[in-house]
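Close look at the chain arrangement
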Amino acid sequence: MAYRKLYNNILETIGDTPMVRMNKICKHIPAQIYAKLEYFNPGHSVKDRMAIRMIEDAEKSGKLKPGGTVIECTSGNTGMGLALACIVKGYKLICTLSDKQSKEKMDILRAMGAEVYVCPTNVAPDHPDSYYSVASRLNKEIPNSFYPYQYDNLGNREAHYDSTGPEIWEQTEGKITHFVVGVGTGGTISGVAKYLKEKNPNIKIWGADTYGSVFKKYHETREFDVNEIYSYITEGIGEDILPKNVDFDLIDHFEKVTDKDGAVYTRELARKEGFFLGYSAGSAYAVIEQMKHELTADDVVVVLFHDHGSRYVGKVYNDDWMRDRGFLNDRNKTALDLVNKHVDKPLVTIGSEELVSSAIEKLKRYDISQIPVVQDGKFVGSVDERKIFDIMVEKNSIDHIKVKDMMAAPFPIVDSDEDLKSVLKRIDKNTSAVVVRIADDQYHIITRHDLITALS
Ligand SMILES: Cc1ncc(COP(=O)(O)O)c(C=O)c1O
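It should be emphasised that the depicted structure is a prediction, and the values quoted were computed from it without experimental measurement. (Residues numbered from 1 in each chain as written. Predicted model: local features only at pLDDT ≥ 70, side-chain atom pairs only at ≥ 80, totals over all residues. Heavy atoms only, no water.)

Brief notes about the site of the ligand
The cut-off we apply is this: The rule for a residue being near a molecule or strand is that one of its heavy atoms must lie within 4 Å of it. N or O atoms within 3.5 Å of each other form a polar contact, as long as, within protein, one can give a hydrogen and the other can take it, and as long as residues adjacent in sequence are counted only when both atoms are side-chain atoms. All accessibility values rest on the Shrake-Rupley procedure with a 1.4 Å probe; residue burial counts only the protein chains present in the view.
The full set close to the ligand counts 16 residues, and Lys47, Gly184, Thr185, Thr188 and Ser280 are the nearest of them. Here an oxygen atom of the ligand and a side-chain polar atom of asparagine 77 are 2.8 Å apart. The separation between an oxygen atom of the ligand and a polar main-chain atom of glycine 184 is 2.7 Å. Across the complex, the protein chains shield 99% of the 380 Å² of accessible surface that the ligand would expose by itself.

In structure tokens, the structure reads:
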């Protein structure tokens, strides 16, 4: 294996992030889906790429001079990229953040030497306390300061045209058919879209938007509708302004995603793919789920995930935070979650050659209502109380009746990562349970009763 070169400073490690096939979460979607994992950047987000670009552009144009102060309004990630650049290049950094951003993001910026101003979220952009206005005021007050203003600074999208776009094209060997990403300043989507569409104009560009943001309506009608603006919880995407970095002509479709779906999918991406990602990643993935009817087996979809999950441990990865917002109910759980407590206990089964009386004895001993029937290590049938009751009514005696002569069809087998909503659909009046495959020779059972208890 060839080892990488030595780097002269942390900034040289920005970019060249991995693209990883997604396997489980999207197994019901025919297309090949790849994740561009931007948390591999040194600041743990895609924004490192544009932060260094804005600083270097300002140095070249003379807007940023030695010993200067960089002031930026940020949802946290741009601040982190700027912090890396400022540390290496010797500038002071001040970040303004809105108070809905996670505490982790603020603490991280402080840890990286930045001064942080926390501003109210629920004020208009032109209000003197908004995080835009505070940054702009500080820029006027502080001598030798530079305000990159990532929303209108076109170096933002140019950074993605120069690096993220070419990486995606090369990593997919030009086979990409769809690019999906969350949209905030618009830098990522517009820069990547420009590069990809120049290579192949047929590539579809889909942006994730939030409820409470102006993008989708503006894209479809060219009307800036203030009624579209209200507060929402998702971090990093959606806007109440039209940043110059959003090139609406390059974007084929905006899809709105709820705060809940974004949060739930973010957690699923961690558990199913091993991707520990930020909140906007779940929103970007939700776009694929909501648009899957447009995808075919020939499609190669790339979804870009902006940042790392460590910034959200007190939020989407915290059960209490999720429950308080009504985002967590057992419908979001998997089959494994339900059997987890007794997963170490063996599954009670009965052999097909055994007598019904043995089955009754097991039902009583384990206080259960149904048992899977096995033969030669395979599930061949099932027995439940109702079936035994029917046989008792029908026959004078059950003494010599074998299980194989009265059993019903085997219980359906589900994978341990199947969500409870789909497990529920497999239970009907003739099927009182499902068998969960935990490992190759390890199974457990979920009964109708377990589901009623979990989902009520
Ligand atoms: C977590 C997260 N997701 C998505 C975005 C949106 O990216 P862009 O500003 O390039 O549109 C940002 C931007 O700050 C972000 O921090």
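And the narrative resumes.
Some details on the sheet that holds strand 16 (residues 442–447)
This is how the line gets drawn: Criterion used throughout: strands pair if DSSP finds at least two bridges between them. Helix and strand labels come from DSSP, where a helix needs a run of H or I of at least four residues and a strand needs a run of E of at least two; each type is numbered from the N terminus. Between N-to-C directions, angles cover 0 to 180 degrees, with each direction set by a line fitted to C-alpha atoms, over the stretch in contact for helices.
Within the open sheet, the 3 strands sit side by side as 14-15-16. Their pairing is mixed. Two strands in the sheet have a free side with no partner beyond their single neighbour: strand 14 (413–415) and strand 16. Each strand axis lies, on average, 35° off the axis of its neighbour in the sheet, ignoring direction. In this sheet, strand 16 lies alongside strand 15 (residues 433–439) in antiparallel orientation, the contact comprising 6 bridges. Paired with alanine 439 across the two strands is glutamine 442, which belongs to strand 16.

Here's the deal with the side chain of asparagine 41
Using the following cut-off: Each residue is placed in one exposure class: buried if its accessible area under a 1.4 Å probe, protein chains only, is under 20% of its type's maximum, exposed if it is over 50%, and partly exposed if it falls in between. Two residues qualify as a contact provided that any one of their heavy atoms is within 4.5 Å of a heavy atom in the partner residue.
Along the polypeptide, asparagine 41 turns up in the loop between strand 2 (32–37) and helix 1 (47–61). Of the residues examined, asparagine 41 reaches a relative accessible area of 1% and is grouped as buried. In this structure the side chain of asparagine 41 is engaged in a polar contact, spanning 2.7 Å, whose partner is the backbone nitrogen of glycine 15. In this structure asparagine 41 touches Ile14, Gly15, Thr17, Val46, Asp48 and Arg49, once residues within four positions along its chain are discounted.

Remarks on the sheet that holds strand 11 (residues 350–351)
Across the sheet, which stays open at both edges, the 3 strands sit in the order 11-12-13 with mixed pairing between neighbours. Strands with a single pairing partner mark the edges of an open sheet, and in this sheet they are strand 11 and strand 13 (378–384). Across 6 bridges, the pairing between strand 12 (residues 370–375) and strand 13 is antiparallel. By the bridge assignment for strand 13, valine 374 is matched with phenylalanine 379.

Looking at the nonpolar core
Nonpolar side chains tend toward joint burial in soluble globular proteins. Spelled out, the test is: As used in this record, nonpolar core signifies buried Ala, Val, Leu, Ile, Met, Phe, Trp, Tyr and Cys residues forming a set joined through side-chain atoms within 4.5 Å.
Counting 29 residues, the largest nonpolar core has Met22, Ile33, Leu269, Tyr285, Ile288 and Phe305 as its most contacted members. Elements with a contribution of two residues or more to this core: strand 2, strand 8 (204–210), helix 8 (259–273), helix 9 (279–290) and strand 10 (300–305). Considering each element in turn, this core owes the most residues, 6 residues, to helix 9. Dropping the residues within four chain positions of it, tyrosine 285 is found in contact with Met22, Ile25, Cys26, His28, Ile29, Tyr265, Leu269, Val303 and Phe305. In terms of nonpolar packing, the next biggest core, distinct from the first, is built from 26 residues, Met80, Leu82, Ala83 and Leu93 among them.

Comments concerning the pattern of salt bridges
Note the following rule: A side-chain nitrogen of Lys or Arg and a carboxyl oxygen of Asp or Glu constitute a salt bridge if their distance falls within 4 Å.
Across all of its chains, the model carries 36 salt bridges by this definition. For aspartate 252, the salt bridge identified is with lysine 197, shortest N-O distance 2.7 Å. Taken together, the residues aspartate 252 in the loop between helix 7 (215–221) and strand 9 (253–257) and lysine 197 in helix 6 (residues 187–199) connect sequence positions 55 residues apart. Accessibility expressed as a relative area gives 34% for aspartate 252, which makes it partly exposed. A cluster of three or more residues bridged by salt bridges with shared partners is formed by Lys27, Asp415, Asp417 and Arg437.

Some details on the pairing of strand 2
Sheet topology note: the strand 1 (residues 19–21)/strand 2 ladder contains 3 bridges and is antiparallel. Residue pairing in the sheet places valine 20 in a bridge with alanine 35 of strand 2. In this structure, strand 2 lies alongside strand 10, joined through 6 bridges in parallel fashion. Looking at strand 10, one finds that isoleucine 33 is bridged to valine 301.

Brief notes about the packing of aromatic side chains
Convention followed: Here is the rule: rings of Phe, Tyr and Trp (six-membered ring for Trp) pair when centre to centre is within 6.5 Å. Planes less than 30 degrees apart are stacked, more than 60 are edge-to-face, and the remainder are tilted. Counting as a charge over the ring demands two things of the Lys NZ or Arg CZ atom: a distance within 6 Å of the ring centre and an angle within 35 degrees of the ring normal.
On inspection of all chains with the given rule, the structure shows 16 aromatic pairs. When the ring of tyrosine 39 is compared with that of phenylalanine 40, the centres are 5.0 Å apart and the planes differ by 20°; the resulting orientation is stacked. We classify tyrosine 39 as buried; its relative accessible area is 14%. Considering the side-chain rings of tyrosine 132 and tyrosine 151, the 5.4 Å spacing of their centres and the 65° angle between planes classify their relative orientation as edge-to-face. Of the two residues, tyrosine 132 sits in helix 4 (residues 131–141) while tyrosine 151 sits in the loop between strand 6 (145–146) and helix 5 (155–171), which places them 19 residues apart along the sequence. Residue tyrosine 151 is classed as buried on the basis of its relative accessible area, which comes to 2%. Across the ring face of tyrosine 232, the terminal group of lysine 100 is positioned such that the distance to the ring centre comes to 3.9 Å. The ring of tyrosine 211 carries lysine 256 above its face, with NZ or CZ at 5.8 Å from the centroid.

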